[in-house]
2 protein chains.
Amino acid sequence: MKELREYFDRELPRIDSFLQGEVQKLHGLVRQVAEHVIMSPGKRIRPMLTLLFARSLGPLSTDPYPLACALEMLHSATLLHDDVLDGAETRRGQASAHITFGATQAILAGDVLLALSNRIGADYGIPEISRRLSGGAMATAMGEIQEMAAAGSGVIDRKEYLEIIIGKTAKLIETACRLGAVLSGADQERIQAAADYGLNVGMSFQLVDDLLDYSGDAERLGKPSGSDLVEGKITLPLIDWLETIPPAERQEILTDIAEKRLAEPTQRRIIEGVRKAGADGSTQKLAEGHVRQALDALDAFPDSEEREVLIQAASFILTRQT
Amino acid sequence: MKELREYFDRELPRIDSFLQGEVQKLHGLVRQVAEHVIMSPGKRIRPMLTLLFARSLGPLSTDPYPLACALEMLHSATLLHDDVLDGAETRRGQASAHITFGATQAILAGDVLLALSNRIGADYGIPEISRRLSGGAMATAMGEIQEMAAAGSGVIDRKEYLEIIIGKTAKLIETACRLGAVLSGADQERIQAAADYGLNVGMSFQLVDDLLDYSGDAERLGKPSGSDLVEGKITLPLIDWLETIPPAERQEILTDIAEKRLAEPTQRRIIEGVRKAGADGSTQKLAEGHVRQALDALDAFPDSEEREVLIQAASFILTRQT
């Protein structure tokens, strides 16, 4: 993983510096909120993937940082709106923007970041970039909507769960990879391969995220174990565990989740049960399958430092702890 | 005004039909909310202006309806978010979307409409369209932010008021006109003239809107007189009236507005006072000045049915009752 670490160590300060510069240009009232969400410690997965694919075919004549950062802004905007909707009180280990600044500021700062992201994308003068950025934003919002509806209905199956995580997470990561490839001047086949890598990395990333929510270290994650459950989100680790208990009890639990009246002892029992299933469950296996598909997609690209980092990044997802 | 009425009568059903078609394609969960806001009776000023400028130089080879409707979607998205922020309970005479469907649905439906608007714009393959759509969205959000800050601070002067209405209203109307001209194939000078028309029409539209909030017929407007005052919005008719009362009393009223504890008798007194100033106040005169500037900008365009309608539309602003 040496290449991965070196690449991130080198690029993270450049990404942060561009983001910081853009945020500083914003009106004072929105700057603080935008700064709170965008400059808090994050993995910068989306901009990093854009950079990696942009450089995957050799040196570039265009500056890839604005595009890379447009993806991070779009992501931050969805986090701002998402946290208001969820009522989430923490994000990346610190108080959510809407708790610190109020829902009004968080919604408007999200709108500004969305618009800024689109403007930066449009400044490349490549219509495909604007088209895909708006497609990514739309998929994310639709995924959120579907997730909320599922949480409120008390009915969700594996198929719907997968649709939700494609929408709310994988599509934007697909977009980050695809647009990097577009900037690199790749042909259609390679652009599609980059998109395939992104979609699969996004799926496995979210699957592992949902697993970590139950099995991860609360302190390291910056949120308590079983947060999803408490918020009424039904994820695959839970769906799997529910299949191991009697149908009547399962229905009772799903109804309690939908009506947000899950008793604390039941919560603890579920978290414990899901934890135990852990690495043996289908979530882990599904994540591994998507990582394999992501790696296969990289066959379309020539050897390079970037391709090596992309291989390591996909593999890293399965071992990450935060 | 015959041409204006005929043009609107002919075009409104086409705009509505395109909007209806796009909204029907949305996911069921967001469709209802989007439909609620986008299909409620409205003036369709923005899409109409885009159509008019798109056709101002003769027949088009490109379909202008998607672009025109992208402007209406962007506007509807800002209304959805705006109503959540304001806590407004009615919009266009009916219950606001967030009251009918909940804030969560309203925020996400707004995000979807924003993304859809950008995607439709990007599909034209003209980077300038994407650039200006995002610029319009950003200006609107910044205007909202500035307006809220001003309302909470209890201090606002004419200069700041004008900045706010440029941001929250005039910039998007400017964008509608500008993009119509871009689609028409106009040269830079005419594109700028279209933008000037839009900015001035937008300013006068908002000035008259702020005046009607005090002086208009509550039933016809679909909201009670002095709604802005009750929401803590300080507009030019109020600023003008405040200058006619003793400074100490003025400061007391501004503080009460900022702290949202304006007593009902004082509210009634203010509304009555502002009403009386009415057409003699600077708001009306300023609106008239902007209409004149808008009309001047049309000198850059050749005679046509569209130019005639644009002239009538600008003049109509000063006499509108809703």
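Computed from a prediction, not measured in an experiment: that's the story for all the values here. (Residues numbered from 1 in each chain as written. Chains lettered and ligands numbered in written order. Predicted model: local features only at pLDDT ≥ 70, side-chain atom pairs only at ≥ 80, totals over all residues.)

> What exactly am I supposed to notice about the packing of helix α9 (residues 188–215) of chain A against helix α16 (residues 305–317) of chain A here?
When two helices pack together, you describe them by how their axes are tilted relative to each other and by the distance separating the axes. All names here are of chain A. Remark: α9 packs on α16, axes separated minimally by 9 Å, with the N-to-C direction vectors making an angle of 25°. Taken together, the axes of α9 and α16 lie roughly parallel to each other. The way α9 lies across α16 gives a crossing that is left-handed. On the side of α9, the interface is formed by Y197, V201, S204, F205 and V208, while α16 contributes L310, A314 and I317. (Axes fitted to C-alpha atoms, helices over the stretch in contact; angles between N-to-C directions. Helix = DSSP H or I, 4+ residues; strand = E, 2+ residues; numbered from the N terminus. Parallel < 35°, antiparallel > 145°, perpendicular 65-115°, else oblique. Left-handed = near helix turned anticlockwise from the far one by under 90°. Contact = placed C-beta atoms within 7 Å.)

> Mind showing me how you'd approach the interface of chain A and chain B here?
The figure often quoted for interface size is the accessible area lost as the parts come together. The interface is formed by 33 residues belonging to chain A together with 33 residues belonging to chain B. Secondary-structure elements contributing two or more residues to the side of chain A that touches chain B are α2 (28–38), α4 (65–86), α6 (103–122) and α7 (127–153) of chain A. Ranked by the residues each element gives to the side of chain A that touches chain B, the list is headed by α7 of chain A, at 14 residues.

> How should the nonpolar core be read in this particular structure?
Nonpolar side chains in soluble globular proteins tend to be buried together. Within the largest apolar cluster, 203 residues are counted, with the highest numbers of intra-cluster contacts made by A34 and V112 of chain A together with A34 and V112 of chain B. Other than its neighbours up to four places away in sequence, A34 of chain B contacts V23, L26, A109, V112 and L113 of chain B. (Core = buried A, V, L, I, M, F, W, Y, C linked by C-beta atoms within 7 Å. Buried ≥ 20, exposed ≤ 12 C-beta atoms within 10 Å, placed from the backbone.)

> Explain the relation of the copies chain A and chain B here, please?
One copy of the chain maps onto the other through a rotation about an axis followed by a shift along the same axis. For the match of chain A to chain B, the screw axis carries a shift of 0.0 Å, the RMSD comes to 0.0 Å, and the turn is 180°. On this basis, the relationship between the two copies can be described by a two-fold rotation axis. Closest approach to the rotation axis among the C-alpha atoms of chain A is made by P127 of chain A, whose C-alpha sits 2.8 Å away. Comparing interface residues between copies, 100% of those in chain A also lie at the interface in chain B; the contact surface is shared. (Least-squares fit on C-alpha atoms with pLDDT ≥ 70 in both.)

> Even after reading the chapter, I still don't get unusual backbone geometry, so can you show me in this structure?
Excluding glycine, most residues fall at negative phi; most peptide bonds, likewise, are trans. Residue K260 of chain A is not a glycine yet carries a positive backbone phi of 50°. One can find K260 of chain A in the loop between α13 (247–258) and α14 (264–277). Even without being a glycine, R44 of chain B presents a positive backbone phi close to 55°. Note on R44 of chain B: 20 C-beta atoms within 10 Å, which makes it buried.

> Would you take a moment to explain the environment of L108 of chain A for this structure?
The residue L108 of chain A is located in helix α6 in this model. Not counting residues up to four positions away in its chain, the partners in contact with L108 of chain A are V30 of chain A together with A141, E144 and I145 of chain B.

> I keep staring at the confidence of the model for chain A and nothing clicks. Help me out?
Regions with low pLDDT should not have their predicted coordinates read in detail. Residues and elements named next belong to chain A. When the pLDDT values of chain A are averaged, the result is 89; 93% of them are 70 or greater. Strand β1 (residues 90–91) is the least confidently modelled element of chain A, averaging 60 in pLDDT, while helix α3 (residues 45–54) averages 97, the highest of any element. Interface confidence in the predicted complex, given as ipTM, is 0.88; pTM for the same model is 0.89. (pLDDT = per-residue confidence, 0-100.)

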